[in-house]
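Breakdown of the fold
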Amino acid sequence: MQPLIDNARTFGQRPEEFAKLAEGQSPQVLFITCSDSRVVPALITGARPGELFELRTAGNIVPPYASEHPTSEAATIEYAVEVLGVRDVVVCGHSHCGAVGALVRGDDLDGVPAVRDWLAHATPRPKGTMEDPTVAEGVQSHVLTQLLRLRSYPCVAEKLAQGRLALHAWYYEVHTGAVRTHRPQTDTFESL
């Protein structure tokens, strides 16, 4: 913890670098990814403060849209699309994902009921082989499912129909740093 505290102390000693951020934000991209500490959107993309609007959830899950019981995730997506006017949404899964791995393997999650109940939003169960420690196939199919789920959000559907929003599926390899994007024409994940 101490290195983090030390950096936080010196971070605030450069106010001139951050003064413009007080004027507001206008990110062009909503980046939805996993809460995993090895996935750092700004590091992966090279984004500076104010360039990405981030939504991080266990397993980069986009829960079903429900207007009668809105979720924090739905509020974040709606705000990014309607208020901030993002032009792109990236759903980024990653190798070695514990959440997707648990789903692929069918792990017993009764000891962590909140995790179990959250992961229930990931239906259908991601495809993949239990022997693959990277769970690449499972993560990639899961990302595509979350992208489909995102399309069911009214604000997203409206902007897609107007041609004012684009959706992207990414797969980040924790062990190499490589990023792959889904190419709908070939239904494969290829290097950016």
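Residues numbered from 1 in each chain as written. Predicted model: local features only at pLDDT ≥ 70, side-chain atom pairs only at ≥ 80, totals over all residues. Heavy atoms only, no water.

1. A closer look at the packing of helix 4 (residues 72-83) against helix 8 (residues 154-161)
Short version of the rule: Interaxial angles span 0 to 180 degrees and are taken between N-to-C directions of axes, which are lines fitted to C-alpha atoms, for helices over the stretch in contact. Runs of H or I in DSSP of at least four residues are treated as helices and runs of E of at least two as strands, each being numbered from the N terminus. Any angle from 65 to 115 degrees is called roughly perpendicular, while one under 35 is roughly parallel, one over 145 is roughly antiparallel, and all others are oblique. By definition, any crossing whose near helix is turned counterclockwise from its far helix by less than a right angle is left-handed, and any crossing with a clockwise turn is right-handed. Pairs of residues are marked as contacts when any of their non-hydrogen atoms sit within 4.5 Å. Residues are grouped as follows: nonpolar covers Ala, Val, Leu, Ile, Met, Phe, Trp, Tyr, Cys and Pro; charged covers Asp, Glu, Lys and Arg; every other residue, Gly included, is treated as polar.
Contact geometry of helix 4 with helix 8 gives a least axis separation of 9 Å together with a crossing angle of 30 degrees. Between helix 4 and helix 8, the crossing angle belongs to the class labelled roughly parallel. For the element pair helix 4 and helix 8, the recorded crossing hand is left-handed. For the pair helix 4 and helix 8, the contacting residues are Ile77, Glu78, Val81 and Glu82 in the first and Cys155, Val156, Glu158 and Lys159 in the second. Its residues assigned to classes, the contact of helix 4 with helix 8 shows four nonpolar, no polar and four charged.

2. Remarks on the sheet that holds strand 4 (residues 166-172)
For clarity, the threshold we go by: Criterion used throughout: strands pair if DSSP finds at least two bridges between them.
The six strands are arranged 2-1-3-4-5-6 in an open sheet whose pairing can be described as mixed. Of all the strands in the sheet, just strand 2 (52-57) and strand 6 (188-191) have a single pairing partner and so form its edges. Sheet twist, expressed as the average angle between the axes of neighbouring strands with direction ignored, equals 30 degrees. Both strand 5 (residues 179-183) and strand 6 contribute to a ladder of four bridges, which runs antiparallel. Looking at strand 6, one finds that Arg180 is bridged to Ser191.

3. Quick notes on the nonpolar core
Put simply, the rule reads: Put simply, buried Ala, Val, Leu, Ile, Met, Phe, Trp, Tyr and Cys residues joined by side-chain atoms within 4.5 Å make one nonpolar core. Relative accessibility decides the category of a residue: with a 1.4 Å probe and only protein chains considered, values under 20% of the type maximum give buried, values over 50% give exposed, and everything between is partly exposed.
Ranked by internal contacts, the top residues of the largest apolar core, which has 39 residues, are Leu30, Ile32, Ile77, Val86, Val89, Leu150 and Val156. With near-sequence residues (within four places) excluded, Val86 lies in contact with Pro27, Gln28, Val29, Leu30, Ala80, Val81, Arg164 and Leu165. Phe31, Val39, Val90 and Trp170 belong to the second-largest nonpolar core, a separate cluster that totals 10 residues.

4. Focus on the environment of Ala122
When you line up the elements, Ala122 lands in the loop between helix 6 (113-119) and helix 7 (136-151). For the pair Ala122 and Leu103, spaced 19 residues apart in sequence, the C-alpha to C-alpha distance is 8.4 Å. Those residues in contact with Ala122 that sit more than four places away from it in its chain are Ile61, Leu103, His142 and Gln146.

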